[in-house]
Amino acid sequence: MRKDVRILLVGEPKVGKTSLIMSLVSEEFPDVVPYRAEEITIPADVTPERVPTHIVDYSEAEQTDEQLFQEISKANVICIVYAVNNKKSIEKVTSHWIPLITENTDKDSRVPLILVGNKSDLVEHSSMETILPIMNQYSEIETCVECSAKNLKNISELFYYAQKAVLHPTGPLYCPEKKDMKPLCVKALTRIFKVSDLDNDGNLNDNELNFFQRTCFNTPLEPQALEDVKNVVRKNLIDGVCDNGLTLKGFLFLHTLFIQRGRHETTWTVLRRFGYDDDLELNQDYLFPPLKIPPDCTTELNHNAYLFLQSVFDKHDKDRDCALSPEELRDLFDVFPYMPWGPDVNNTVCTNDQGWITYQGYLSQWTLTTYLDVQRCLEYLGYLGYSIIAEQESQAAGITVTRDKKIDLQKRQTQRSVFRCNVFGDIGSGKSGFLQAFLGRNLMRQKTIKEEHRSYYAINTTYVYGQEKYLLLHEVFPDFDYLSDADLACDIVCLVYDVSNPYSFEYCAKVFKQYFMDSKTPCMMVAAKSDLPEVKQMYGCSPLEFCRRHKMPPPQSFTCNAASAPNRDIYTKLTTMAMYPHARLRCMCTCNRCTFCLCQNFLNSELLQTVRAKLYAVVLRRHVSQADLKSSTFWLRASVGATVFAVLGFAMYRVLLKTR
C-alpha cells in the first residue's frame with residue numbers, strides 16, 4: 001500500500017480548479033478565490049482509504065511550464081478540470097492537456113487521469129455524451145465526475161475517486177477494449193486460487209472460501225451469502241461451480257465482475273493480501289521479510305514450518321506413495337515464477353527406486369536450503385503462501401536462528417538440529433561415493449548418475465541417542481591452496497582417503513595440519529574403498545598412528561561397494577561428534593548396547609531427569625526457615641542428597657573414561 005497520494009488539478013483558467021479545493025476544505029463556496037490554492041495535506045484518519053492525501057493546484061498565471069512539468073512528474077493522479085458550460089475547455093482536454101501529460105510521464109507507468117466537469121449547477125444537461133468517446137479513446141482515464149464547487153455537489157466523491165484511482169487502479173487489472181482481465185492479473189489470481197485450494201482438488205469448497213474471505217477481509221461469509229455468490233457464477237458460467245465448489249474459471253469470473261462493476265478495490269485487496277504490488281509483481285518486502293542472523297549462528301526451519309511443508313507435500317502427493325513424481329513436483333511449484341529445483345536435487349536427497357523425491361528427501365531439501373541460503377528459503381515460502389496459510393506475520397516466523405556456537409561449546413549442549421560436515425579428500429579418494437552412500441545408494445546406483453547432474457551436497461536424517469538430527473555433507477573441491485572460509489566453517493571435518501592408493505592419505509594429513517590441528521572442530525579419518533586390498537600409505541606414519549598422535553578416533557573403514565544400501569553407522573558417528581565436540585569420545589559406535597551408549601541413554605532418560613528435578617526441588621529449592629536450620633532432619637536430607645549426587649557423578653565419570 002502507498003504511504004501517501006498526490007493529486008494534481010490542471011485545466012484551463014476560470015474552470016474552477018481552486019474553487020473545488022477550497023470548497024472541499026471549508027465545506028462552503030468561497031467568496032474570494034485566489035489565483036492558486038496552496039498545497040493541502042489531508043490526514044490519513046480523514047480520508048476513506050486511511051492514506052495521507054496531498055492536493056496540488058495549478059495556475060497558469062502564477063506558474064511556469066517548467067513548474068507544471070515538475071508537478072506532473074510528481075503526481076500520482078491528475079484531475080483534468082473543465083467547465084461543463086464551456087465547450088472550449090472540453091476540447092482542450094484532448095487537444096492540449098492529455099498530450100501534455102503523456103509527453104511528461106513515463107510510458108511504462110502512465111499516471112491515471114480523472115476528468116472533472118465543474119459548474120454543473122449552471123447547466124441542466126450533462127456533458128457525459130461528449131466525454132464518453134474521450135474515455136473510450138484513452139485507457140489511462142479512470143473515470144469522469146461531474147460536480148459543482150458552488151453547491152458542493154460530488155466534491156468529496158471527486159477526491160475519493162482520485163484517491164481510489166491511485167490505490168486501486170483499473171489499468172493493471174482490466175483491458176476495456178477486450179472487456180477482460182489482463183494476463184498478469186489472471187496469472188496472479190490463478191496463483192492465489194491454487195494457494196487457497198488447500199486440498200488441491202481444483203475447487204474452493206465452503207471451508208476454503210470462508211478461510212479465503214477471513215484472510216482477505218477479516219470476516220467470514222454467511223452461508224446464504226456464500227450460496228448467492230455461487231448462484232451468480234452458475235447463472236453466468238456453465239463450469240464456474242463444480243461439486244458445490246468454486247472452480248478457477250468461476251473465481252476469475254467473479255473478479256472480472258467486480259472490476260466491471262467498479263469494485264476493483266475488492267480485487268486489489270485480495271492481490272495485496274497475497275503480496276502483490278501495483279505492477280502485479282510479488283513485493284520484495286513480502287518475499288524477503290527482515291531476519292537478523294548474528295555471526296556464528298545458523299538457520300533452521302521450526303516446527304510450524306515443517307507442519308506447513310508437510311501439508312504442501314500431502315496436498316500434491318495425489319497417489320499417496322510418499323514420493324513426488326515429476327508431474328506432482330511441477331504441480332507443487334506451479335505457484336512459483338520458475339522451477340526452483342534442478343536435476344541435481346535428486347542426487348542431494350533421498351529418492352525412491354524410480355528416482356522420485358521421497359517425503360524425507362523433500363523435507364531434507366528444504367532443510368538444506370534454509371541452512372545454506374535462508375533468503376532463498378524465505379522467497380520459496382512466500383511463493384507457497386506460508387504467512388497466509390499458516391496465519392503468520394511473515395515467512396520469518398517459520399525460521400529459527402540458532403544461538404552462537406561459542407555458547408553451545410561453553411554450555412556443552414546444543415538445541416540445533418542441523419549439523420554440517422565438510423568432506424575433504426584427494427581426487428579419486430571416494431568423496432562423491434561417500435556422499436551418495438549417505439542417501440542409501442551403492443556403487444552400482446552411483447554409476448547411473450550423470451556428471452552434469454552431480455551434487456556436491458548430500459543431506460539426510462540420522463539418530464543420535466534417540467534424537468532425529470540432520471547431517472549435511474559438503475564435498476570440498478580438492479584445491480589445497482584455495483580453501484575459503486565457507487570450506488572451513490563446519491561442525492565436523494571428514495577426511496577421506498583411498499586405502500588402495502598409497503598417496504591418498506598425504507592430502508588428508510596436510511589439510512588437517514594446515515587448517516584443523518589447532519581448531520576446536522572435531523575431525524574424523526575415513527578409510528574409503530575398504531573392500532579393495534589395503535596398501536601402505538607413503539607418509540611419515542600410518543593413518544592409525546597419525547590419529548593417535550593427534551588424539552583423533554582411529555580411521556573408520558568404509559565402502560559403498562555393497563549389494564544393498566551401504567552401512568550408515570559412520571554417519572551417526574559423525575553426527576554424534578558434531579553434537580558433542582567438547583567430548584573426547586573413546587567409543588565410536590552407536591550400537592546402544594555398549595557401556596558408553598547405555599550411559600548416554602541413561603543420562604538422557606526421562607527417569608533420571610525426573611529424579612534429578614525432584615531432588616533439586618526438595619534439597620535446594622525448599623523454603624528454608626530458621627527452624628529448618630536448627631533441625632537435624634533437614635541437614636540429614638541435605639547430606640543424603642549431596643552424597644547421592646556425588647556418587648552418581650563420580651560413577652558416571654569413571655564409566656565414561658573407561659576404555660571400551
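Residues numbered from 1 in each chain as written. Predicted model: local features only at pLDDT ≥ 70, side-chain atom pairs only at ≥ 80, totals over all residues. Heavy atoms only, no water.

Participant: A description of the overall build of the protein chain should follow, citing residues and the corresponding values.
Facilitator: Scanning the protein chain for helices and strands turns up 27 helices and 21 strands. Expressed as a percentage of its 660 residues, the buried residues of the protein chain come to 48%. About 34,200 Å² of surface is accessible on the protein chain, with carbon and sulfur atoms providing 52% of the total. (Helix = DSSP H or I, 4+ residues; strand = E, 2+ residues; numbered from the N terminus. Buried < 20%, exposed > 50% of the residue type's maximum accessible area, 1.4 Å probe, protein only. Areas by Shrake-Rupley, 256 points an atom, 1.4 Å probe, with all protein chains shown as cover.)

Participant: How would you sum up the environment of Tyr470? Please name residues and give values.
Facilitator: Along the polypeptide, Tyr470 turns up in strand β18 (residues 467-475). By relative accessible area, Tyr470 is classed as buried at 7%. With 52 residues separating them along the chain, Tyr470 and Val418 place their C-alpha atoms 4.6 Å apart. What Tyr470 contacts, discounting residues up to four positions off in sequence, is Tyr306, Gln360, Leu363, Ser364, Thr367, Ser417, Val418, Phe419, Ile459, Asn460 and Thr461. (Contact = heavy atoms within 4.5 Å.)

Participant: Can you tell me about the sheet that holds strand β11 (residues 245-247), naming the residues and giving the values?
Facilitator: Spatially, the three strands line up as an open sheet ordered β9-β11-β10, and their pairing is antiparallel. Edge positions in the sheet fall to β9 (203-204) and β10 (241-242), since each of these pairs with one other strand and no more. As judged from the two bridges shared by β10 and β11, these two strands associate in the antiparallel manner. When the bridges of β11 are listed, Val241 appears paired with Leu246. Here helix α9 (residues 248-260) sits on the sheet in contact with β9 and β11, set at roughly 80 degrees to β11. (Pairing = 2+ DSSP bridges. Axes fitted to C-alpha atoms, helices over the stretch in contact; angles between N-to-C directions.)

Participant: Give me the lowdown on the UniProt feature "domain: EF-hand" (unreviewed entry) in the protein chain, citing residues and values where you can.
Facilitator: Look at the UniProt record and you will see "domain: EF-hand" (unreviewed entry) annotated at residues 304-339. Taken end to end, residues 304-339 comprises 56% helix and 6% strand; its first and last C-alpha atoms sit 24 Å apart. (UniProt positions renumbered as here; feature names shortened; annotations may be inferred.)

Participant: Quick one: what's the story with the pattern of salt bridges, residue by residue and with numbers?
Facilitator: The tally for this structure, following the rule as stated, stands at 21 salt bridges. Here Lys194 and Asp334 are joined by a salt bridge, their closest N and O atoms 2.0 Å apart. Note that Lys194 is positioned in helix α6 (residues 183-196) and Asp334 in the loop between α13 (326-332) and β14 (357-358), a separation of 140 residues in sequence. Given the relative accessible area of 41%, Asp334 is considered partly exposed. A single network of salt bridges, built from pairs that share partners, joins Arg403, Lys405, Asp408, Arg416 and Asp491. (Salt bridge = Lys/Arg side-chain N within 4 Å of Asp/Glu carboxyl O.)

Participant: Talk me through the nonpolar core; I want residue IDs and the actual numbers.
Facilitator: Membership of the largest hydrophobic core comes to 69 residues, with the highest contact counts inside it found for Tyr362 and Trp366. Setting aside anything within four residues of it in sequence, one finds Tyr362 in contact with Leu309, Val312, Phe313, Leu324, Leu332, Trp341 and Ile357. Of all hydrophobic cores here, the second largest spans 29 residues; its members include Val423, Tyr465, Ala528 and Leu574. (Core = buried A, V, L, I, M, F, W, Y, C linked by side-chain atoms within 4.5 Å.)

Participant: Can you explain helix α15 (residues 374-384)? Please cite residues and give values.
Facilitator: Of all eleven residues in α15, nine are buried, a share of seventy percent or more. Within the sequence span of α15, burial applies to Val374, Cys377, Leu378, Glu379, Tyr380, Leu381, Gly382, Tyr383 and Leu384. Two residues or fewer past α15, Gly385 is found with a positive phi of approximately 80 degrees.

Participant: Could you give me a rundown of the side chain of Lys315, with the residues and numbers involved?
Facilitator: Relative to the elements of secondary structure, Lys315 occurs in helix α12 (residues 303-316). A distance of 3.1 Å separates a polar atom in the side chain of Lys315 from the backbone oxygen of Asp197. Apart from residues lying up to four places away in sequence, Lys315 is in contact with Lys194, Val195, Asp197, Leu198, Asp199 and Asn200. (Polar contact = N/O pair within 3.5 Å; in protein donor to acceptor, adjacent residues only side chain to side chain.)

Participant: Any chance you could break down unusual backbone geometry for me, citing the residues and the numbers?
Facilitator: Here the phi dihedral of Lys179 falls at roughly 55 degrees; this positive angle occurs in a residue that is not glycine. Residue classification places Lys179 among the exposed positions, given a relative accessible area of 61%. The phi angle at Glu391 is positive, at roughly 55 degrees, despite the residue not being glycine.

Participant: Lay out the pairing of strand β1 (residues 5-11) with the relevant residues and their values.
Facilitator: On any regular strand, side chains alternate: one points to one face of the sheet, the next to the other face. Here β1 lies mainly inside the structure; seven of its seven residues are buried. The alternating pattern of β1 places Val5, Ile7, Leu9 and Gly11 and Arg6, Leu8 and Val10 on opposite faces, both of which are buried. Across five bridges, β1 lies against strand β3 (residues 53-57) in parallel orientation. Across the sheet, residue Leu8 finds its bridge partner in β3, namely Val56. With five bridges connecting them, β1 and strand β4 (residues 77-83) associate as parallel partners. Bridge pairing links Ile7 to Val77 in β4.

Participant: Quick rundown of the environment of Leu472? Include the residues and the values.
Facilitator: Of note, Leu472 is situated in strand β18. By relative accessible area, which is 0% here, Leu472 ends up buried. When sequence neighbours within four positions are dropped, the list of residues in contact with Leu472 reads Leu368, Tyr371, Leu372, Phe419, Arg420, Cys421, Tyr457, Ala458 and Ile459.

Participant: Could you give an account of the pairing of strand β19 (residues 492-498), with specific residues and numbers?
Facilitator: The element β19 is extensively covered by neighbouring structure, given that seven of its seven residues are classed as buried. What you see with β19 is no split at all: Ile492, Cys494, Val496 and Asp498 on one side and Val493, Leu495 and Tyr497 on the other are buried throughout. Direction of pairing for strand β16 (residues 418-425) relative to β19: parallel, over a ladder of five bridges. When the bridges of β19 are listed, Phe424 appears paired with Leu495. The parallel pair β19 and strand β20 (residues 523-528), bridged by helix α21 (residues 504-516), forms a crossover whose chirality is right-handed. (Right-handed = clockwise from strand over helix to strand, strands pointing away.)

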